[in-house]
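Summary of structural features
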Amino acid sequence: MQQIDVIKLANGAKFNKFHRLILFWGVLILVLDGYDLAVVGAALPSIMKEMGVDASKAGFMASSALFGMMFGAMFFGTLADKIGRPLMLAVGVGTFSAFTAAAGLAHDPITFSVLRFLAGLGIGGVLPVVTAQMGEFSPVKVRARLVTLVFAGYSVGGVLVALTGKQLIEAYGWQSVFFVAGLPVLLIPFILKTMPESMATLHRKGLQGELAKIARKIDPSLRLSGNEEFVLPMAERVANAPVRMLFANGRGFSTLMIWVAYFTGLFMVYSLSSWLTKLMAMAGYSLGSALNFVLVFNFGAMVGAVGGGWLGDKFNIKHVLVAFYIVGAVSLTLMGFTKETWLLFVVVFIVGASTLGTQLLAYAYAGEFYPVAIRSTGVGFASGVGRLGAIIAPVLIGALVALQLPLEQNFFGIAVAGLVGAVAVMLINHNLSGDRSVATPPPQAQNVSYKT
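What you see is a predicted model, and the numbers here were worked out from it, not measured in a lab.

Cut-offs and rules
- All chains use their own residue numbering, which begins from 1 and follows the written sequence.
- With pLDDT at 70 or above as the cut-off, local features in this predicted model cover only qualifying residues; side-chain atom pairs require 80 or more to be listed or tallied, and sums for whole chains, interfaces and linings still use all residues.
- Note that water and hydrogens are dropped before the side-chain values are worked out from all heavy atoms of the structure.
- A run of H or I in DSSP counts as a helix once it spans at least four residues, and a run of E counts as a strand once it spans at least two, with each numbered from the N terminus.
- The buried label goes to any residue with under 20% of its type's maximum accessible area, the exposed label to any with over 50%, and the partly exposed label to all in between, with areas taken from a 1.4 Å probe on protein chains only.
- Any two residues whose heavy atoms approach within 4.5 Å are treated as being in contact.
- By definition here, a salt bridge exists when the distance from a side-chain nitrogen of Lys or Arg to a carboxyl oxygen of Asp or Glu is within 4 Å.
- Like charges are joined within 9 Å and nonpolar side chains (Val, Leu, Ile, Met, Phe, Trp, Tyr) within 5 Å, but only among residues with over 30% relative accessible area and no salt bridge; these make up the patches.
- Accessible surface is estimated by sampling points in the Shrake-Rupley manner with a 1.4 Å probe; for residues, cover comes only from the protein chains shown.
- N or O atoms closer than or at 3.5 Å make up a polar contact, with two conditions inside protein: a donor-capable atom paired with an acceptor-capable one, and, for residues adjacent in sequence, both atoms drawn from side chains.
- Among the buried residues, those of types Ala, Val, Leu, Ile, Met, Phe, Trp, Tyr and Cys that are joined through side-chain atoms within 4.5 Å form a nonpolar core.
- Fitted lines through C-alpha atoms give the axes, limited to the stretch in contact for helices. The angle between two N-to-C directions lies from 0 to 180 degrees.
- Helix crossings are classified by the rotation of the near helix relative to the far one: an anticlockwise turn of less than a right angle makes the crossing left-handed, while a clockwise turn makes it right-handed.
- Helices are assigned an expected span. That span is 1.5 Å times one less than the residue count.
- By definition, a residue's bend is the angle between the axes fitted to the seven residues ending there and the seven starting there.
- Pairing of aromatic rings covers Phe, Tyr and Trp, the last counted by its six-membered ring, and requires centre-to-centre distances within 6.5 Å; plane angles under 30 degrees mean stacked, over 60 mean edge-to-face, and any other angle means tilted.
- A residue's pLDDT is the confidence the predictor assigns to it, expressed on a 0 to 100 scale.
- Oblique is the label for every angle not falling under 35 degrees (roughly parallel), over 145 degrees (roughly antiparallel), or within 65 to 115 degrees (roughly perpendicular).
- Three categories are distinguished: nonpolar for Ala, Val, Leu, Ile, Met, Phe, Trp, Tyr, Cys and Pro, charged for Asp, Glu, Lys and Arg, and polar for the others, with Gly belonging to the last.

With that settled, the discussion passes to the overall build of the protein chain. Tallying secondary structure elements over the protein chain gives 18 helices and three strands in all. Across the 452 residues in the protein chain, those meeting the buried criterion constitute 60%. Restricting to contacts in the protein chain with at least 6 residues of sequence separation, those with at least 24 account for 85%.

Next up, the structure:
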């Protein structure tokens, strides 16, 4: 019987329509995910006015979804490695769509916060699953670019909020932007039908026929006789993907540093996602102008994500990620001191590229660091623990806003997190990366088989 290593097959494949399908779903799901998260930032001033809440209470309302995201990322990611990724993606989409729409019916802060917490379970839950899915099937030469391109969809969701939020809120009230978020439930049957299952899950369940189908899609030129056994490298075989494997084989300290990097990256991202509109309003800009800054911020994030992914494929992704954290800290500091409007737009663009762009690149890095069998678990726990930074950020910045400190001090408080993140990434042992533990195949490796 011939043995075919499906991980090597995927690593050495050429980008084709199978990869485009996974890329399409990944981008679309994160566009919807990004919309559901960013919608609170756009509607927050109107919600504060209608519900009569101050900045501190509004910060807690905004952080409720982020608290849900923490649990969603950890549990959805772990369950995806155990019971299947397409199923957990469908559950995640259904959860964030239904409860975000339901939040538009809330009339008090408590009900709103509970519904946003439940929506957060799905918002956070799909992130590690999409990362692991794209990372597993992507050809190794373009992996970082594809993963960050998927996460650029997250920024597109923010752009959609910035483009439509003002008009919808002014015409139909803040509730309208939440009701729109219920539409993605219609996509669930298509996700279940067309999204492939993880090769590690199929191998663990002994579904050789399904592995053969995926192998043909990964490499349409692959010739199979029906006498093949599809296998994973020993380093990639993990029974039931236990959480403890995140700390096995010397990965413990690096796992902790990845968690710190996620914490600081998400602190920067969600400080700005929740309060950028309000901070710009404090600087004297109208709601429309403030939302324009949000638009520029998200465009910058898309450029930073795609550019970071390209740099990560061309150079050492760890070094690229460190540089992004440092640029984020510097640009955030400058943001508080920039007075010229046109120059402020430039700085906001760089801030978007080097904060949200940094976090998207961090997802690509974590997706490469862990073996495929625990990839959803690894990214999920990093994202989940990192959500503590996202939870703290709106509350802390809300408290700073309530203190009426000089604007530059608010931005400097966010910038400190970037420096801490840079140090954490420096301390990660890059030699333990999962992709390094599995040799990259030569150009024709996809047609190589091994006799038992």
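After presenting the structure, the write-up continues.
Further remarks concern the pattern of salt bridges. For the structure shown, the criterion picks out two salt bridges. Glu-136 is paired through a salt bridge with Arg-85; the nearest N and O atoms lie 2.6 Å apart. Highlighted residues: Glu-136 in helix α5 (residues 109-137) and Arg-85 in helix α4 (residues 85-103), separated in sequence by 51 residues. On the basis of relative accessibility, which here comes to 0%, the residue Arg-85 falls in the buried class. The residue Glu-210 makes a salt bridge to Lys-213 at a minimum N-O spacing of 3.5 Å. Here Glu-210 and its partner Lys-213 are both found in helix α10 (residues 208-218), three residues apart, which amounts to about one turn of the helix.

Taken together, the side chains of Phe-299, Val-303, Val-327, Trp-342, Leu-343, Val-346, Phe-349 and Ile-350 define a hydrophobic patch exposed on the protein surface, amounting to about 700 Å² of accessible area. Counting only elements with at least two residues in the nonpolar patch, the list comes to α12 (287-314) and α14 (341-354). In terms of residue count, the dominant contributor to the nonpolar patch is α14 (five residues). Its place among the elements puts Phe-299 in helix α12. Exposure remark for Phe-299: the relative accessible area of 40% places this residue in the partly exposed category.

Next up on the list: the side chain of Arg-85. Here Gln-133 takes part through its side chain, which lies 3.1 Å from a polar atom of the side chain of Arg-85. Setting aside its immediate chain neighbours within four residues, Arg-85 contacts Ala-80, Val-129, Ala-132, Gln-133, Glu-136, Glu-197, Ser-198, Val-372, Arg-375 and Ser-376.

Counting 115 residues, the largest nonpolar core has Leu-30, Met-199, Ile-218, Tyr-262 and Tyr-270 as the members making the most contacts within it. Broken down by element, this core gets its largest block of residues, 11 residues, from helix α11 (residues 252-282). Ranked by size, the runner-up nonpolar core spans 23 residues in total, among them Val-39, Ala-43, Leu-44 and Trp-174.

Glancing now at the packing of helix α2 (residues 17-51) against helix α6 (residues 143-172). Interhelical geometry of α2 versus α6 gives an angle of 40° and a closest axis separation of 6 Å. Crossing of α2 against α6: the hand is right-handed.

Here α2 spans 49 Å end to end across 35 residues, near enough to the 51 Å set by a 1.5 Å rise per residue. Of all bends in α2, the biggest is about 55°, found at Ala-43, and the proline Pro-45 comes one to four residues later. The opening residue of α2, the one whose side-chain oxygen lies 2.8 Å from the backbone nitrogen of Phe-18, is Asn-16. Once α2 finishes, Gly-52 follows within two positions and takes phi at roughly 65°, a positive value.

Summarising the element assignment, Tyr-365 is placed in helix α15 (residues 356-369). Remark: the alpha-carbon pair of Tyr-365 and Gly-135, spanning 230 residues in sequence, is separated by 9.7 Å. Those residues within four positions of Tyr-365 in sequence are excluded, and the remaining contacts are Ile-317, Lys-318, Leu-321, Ile-428 and His-430.

Bringing the packing of aromatic side chains into the picture now. Both the distance between ring centres and the angle between the ring planes are used here to describe each pair of aromatic rings. Counting across every chain of the model gives seven aromatic pairs. Considering the side-chain rings of Phe-71 and Phe-75, the 6.4 Å spacing of their centres and the 5° angle between planes classify their relative orientation as stacked. Linking Phe-71 with Phe-75, this pair stays in helix α3 (residues 55-83), spanning four residues, or about one helical turn. Residue Phe-71 is classed as partly exposed on the basis of its relative accessible area, which comes to 27%. Their ring planes at 65° and their centres at 6.4 Å tell us that Phe-71 and Phe-117 sit as a pair that is edge-to-face.

The subject of this paragraph is the confidence of the model for the protein chain. Mean pLDDT over the protein chain: 78, with 86% of residues reaching 70 or higher. The lowest-confidence element of the protein chain is strand β3 (residues 450-451), averaging 32 in pLDDT; the highest-confidence one is helix α8 (residues 188-194), averaging 92. Within the model, pLDDT remains below 50 along residues 436-452, and this stretch shows 33 contacts once partners closer than five positions in the same chain are excluded.

This part takes up the packing of α2 against α4. The axes of two packed helices give the description: the angle between them and the distance between them. Between α2 and α4, the shortest axis-to-axis distance is 11 Å and the interhelical angle comes to 30°. Comparing the axis directions of α2 and α4 gives the class roughly parallel. In the crossing of α2 with α4, the sense of the turn from one axis to the other is left-handed. On the side of α2, the interface is formed by Ile-29, Leu-32, Asp-33, Asp-36 and Val-39, while α4 contributes Leu-89, Val-93, Phe-96, Ser-97 and Thr-100. Here the residues of the contact of α2 with α4 are counted per class, giving six nonpolar, two polar and two charged.

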